[in-house]
Amino acid sequence: MSGRLEDEIKALIAAEGPMPVSRFMALALGHPRLGYYVTRDPFGAGGDFVTAPEISQMFGELVGLWAVAQWQAMGAPAPFALVELGPGRGTLMADALRAARLVPEFGAAARLHLVEMSPTLRAAQGRALGAAAPQWHDRLEDVPPGPMIAIANEFFDAIPIDQFVFRDGRWRARRVGLKADGALAFGLDPLPHGAEPAPYGPPAEGAVLERMVEGPALALAGRIAGQGGAALVVDYGHAGGYGDTLQAVRAHRWVDPLADPGEADLTAHVDFAALARRARASGARAFGPIGQGEFLARLGLAQRATRLKAGKDAAAQAAVDAAALRLAGHGEGQMGALFKAMVIAHGGLGAPVAFDTGEEVV
Ligand code: SAH
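Structural notes, computed from the coordinates. Here the residue numbers are simple positions, counted from 1 along each chain's written sequence. Local features in this predicted model are restricted to residues of pLDDT 70 or higher, and side-chain atom pairs are both shown and tallied only at a pLDDT of 80 or more, whereas totals for entire chains, interfaces and linings draw on every residue. Only hydrogens and water are removed before side-chain values are computed, so all heavy atoms of the structure are retained for them.

### Focus on the site of the ligand
Neighbouring the ligand are 18 residues, the closest being T51, G86, G88, E116 and N153. Polar contact is the term for a pair of N or O atoms within 3.5 Å; when the atoms are in protein, one must be able to donate a hydrogen and the other to accept it, and sequence-neighboring residues count only if both atoms are side-chain atoms. Here an oxygen atom of the ligand sits 3.1 Å away from a polar atom, N or O, in the main chain of G88. Between E116 and the ligand, the recorded distance is 2.5 Å, taken from a side-chain N or O atom to an oxygen atom. Coverage of the ligand by the protein amounts to 93% of the 570 Å² it exposes when considered alone. Among the residues making up the shell around the ligand, the classes are represented as 10 nonpolar, five polar and three charged. What makes a residue near a molecule or strand is one non-hydrogen atom of that residue sitting within 4 Å of it. In this description, accessible areas are obtained by the Shrake-Rupley approach with a 1.4 Å probe, and a residue is regarded as covered only by the protein chains that are shown. Throughout, the ten residues Ala, Val, Leu, Ile, Met, Phe, Trp, Tyr, Cys and Pro are labelled nonpolar, Asp, Glu, Lys and Arg are labelled charged, and all others, Gly among them, are labelled polar.

Next up, the structure:
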């Protein structure tokens, strides 16, 4: 027992009854004093997990080139909002801005807005990105209006989900409650969930349906549909289906999602089909998802790696190759297939760079 957040959640359940999974997840990650992201910088070998921009500068650089191309496709609006959702240590954006110096007008027109809930990570982002004079916001809704290019890497997997379990022909909401011995435990709401959604065909007994809370995806798509622009979403996930993907990771190992809330990263796989449905319902277009490996290859990962290796010794060259393989490979422990890229774009724009082969999801 680690203590305080767990005790606070138990006290809430004792007073108000079992809570939806989304509330548990929101508290575990974002409790204003004790939430996982609020109390630490979780990235890197000594932390809990490693993200693509922390593996290699090539990731952020290629995303930066994508942003420049997207900005040009939008008619090079000046100024425009360059937004990152959940920027972590600021590594991705620092690499992206450096690569984007190829087109100085891009940097001159960009107003950098960072949507970040963690004071600890805001401080890290300030160190990495201070020269670009970022403004911080709690939510996308607070970013000033106007055309936007947004980047969200491993952001939506941290957005709380609710879970519904198909039992005896009905969906029931999963809740986090207390066992007789006082420990946290999953249970099912005794009352069936009102509607009988079946977005992925008739569910089998025991099927789990996950649904991300509405706010962040609706804000993103609504803003793009209303004010123009595009968002690149990269995350691990799937193109729809039933299944329980809630997972907790601590020190690079899987742990019980209910153990020590606030001490482990809690995520769910992103349902890209649901994200695309929401984007379209708001009047925006959705492209992809395509594998991260495919996305990076189309942006020139191989050429970038070759440039980066030039003049380096054999060990440094091998490190670049290993990083490229980890980002784009399809094998065990590699990110190229598990991670996917999707673009949500204003209806007036054509297919975005790297998504121009017509794979718009239906
Ligand atoms: N994009 C970074 C970090 C990914 S981790 C990278 O690739 O390395 C998730 C990031 O999203 C963290 O910065 C976390 O603090 C932030 N975050 C998670 N949920 C959030 C929310 N609801 N609102 C704002 N920021 C959030």
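Here the narrative resumes, following the displayed structure.
### Side note on the pattern of salt bridges
Take a side-chain nitrogen of Lys or Arg and a carboxyl oxygen of Asp or Glu: if they are within 4 Å of each other, that pair is a salt bridge. Within the structure shown, the criterion is met by 18 salt bridges. The salt bridge partner of R23 is E16, with a shortest N-O separation of 3.0 Å. A simple rule labels every residue: compare its accessible area, found with a 1.4 Å probe on the protein chains alone, to the largest value its type can have, and call it buried under 20%, exposed over 50%, or partly exposed in between. For R23, a relative accessible area of 33% corresponds to the partly exposed category. Residue E16 is classed as exposed on the basis of its relative accessible area of 53%. Each member of the salt-bridge network shares a partner with another, and the members are E61, D95, R98 and R304.

### Regarding helix 4 (residues 57-73)
Look at helix 4: 25 Å from first C-alpha to last across 17 residues, which is about the 24 Å you get at 1.5 Å a residue. Along helix 4, the residues that are buried comprise M58, F59, G60, E61, L62, V63, G64, W66, A67, V68, Q70 and W71. By definition, any uninterrupted DSSP run of H or I lasting at least four residues is a helix, any uninterrupted run of E lasting at least two residues is a strand, and each is numbered from the N terminus. Among the residues of helix 4, the N-terminal cap falls to S56, whose side-chain oxygen and the backbone nitrogen of M58 are separated by 2.9 Å. Take the residue count of a helix, subtract one, and multiply by 1.5 Å to get its expected span.

### A short note on the pairing of strand 11 (residues 247-250)
In this scheme, strands are said to pair when DSSP sees at least two bridges between them. As judged from the three bridges shared by strand 11 and strand 13 (residues 265-267), these two strands associate in the antiparallel manner. Within strand 13, the residue paired with A248 across the bridge is L266. Bridge count for strand 11 against strand 12 (residues 253-255) is three bridges, and the pairing is antiparallel. Looking across to strand 12, one finds that A248 is bridged to V255. Between strand 11 and strand 12, which follow one another and run antiparallel, lie two residues, and A251 among them has a positive phi close to 50 degrees.

### Quick word on the pairing of strand 5 (residues 148-153)
Buried residues dominate strand 5, accounting for six of its six residues. Both faces of strand 5 are covered, namely the face carrying M148, A150 and A152 and the face carrying I149, I151 and N153. Pairing of strand 2 (residues 80-85) with strand 5, which is carried by four bridges, proceeds in the parallel orientation. Each residue of the ladder has a partner; that of E84, found in strand 5, is I151.

### Some points on the environment of R172
Tracing the sequence through the fold places R172 in strand 7 (residues 170-178). Between the alpha carbons of R172 and L188 there is a distance of 6.1 Å; along the sequence they are 16 residues apart. The contact partners of R172, leaving out residues within four places of it in the chain, are Q163, F164, V165, R167, L188, D189, P190, L191, P192 and H193. Of note is the side chain of R172, whose polar atom sits 2.4 Å from the backbone oxygen of P190. We call two residues in contact whenever any of their non-hydrogen atoms come within 4.5 Å of each other.

### Observations regarding the nonpolar core
In terms of nonpolar packing, the biggest core is built from 55 residues, with V83, L85, F156, L220 and L275 touching the most fellow members. Every element with two or more residues in this core is listed here: helix 1 (4-16), helix 2 (21-30), strand 2, strand 5, helix 8 (215-227), strand 10 (229-238), helix 9 (272-281) and strand 16 (339-345). To form a nonpolar core, buried Ala, Val, Leu, Ile, Met, Phe, Trp, Tyr and Cys residues must be joined to one another through side-chain atoms within 4.5 Å. By size, the runner-up hydrophobic cluster in this structure holds 51 residues, among which are M93, L129, L232 and A328.

### Side note on the environment of Q163
Inspection of the secondary structure assignment puts Q163 in strand 6 (residues 161-167). Exposure remark for Q163: the relative accessible area of 1% places this residue in the buried category. Ignoring anything within four residues of it in the chain, the contact list for Q163 reads V21, R172, A173, R174, V208, L209, E210, D244, T245 and L246. Within the local environment of Q163, its side chain forms a polar contact with the side chain of E210, the two groups lying 2.8 Å apart.

Interpretation note: all reported values are geometric properties and have no functional meaning in isolation.
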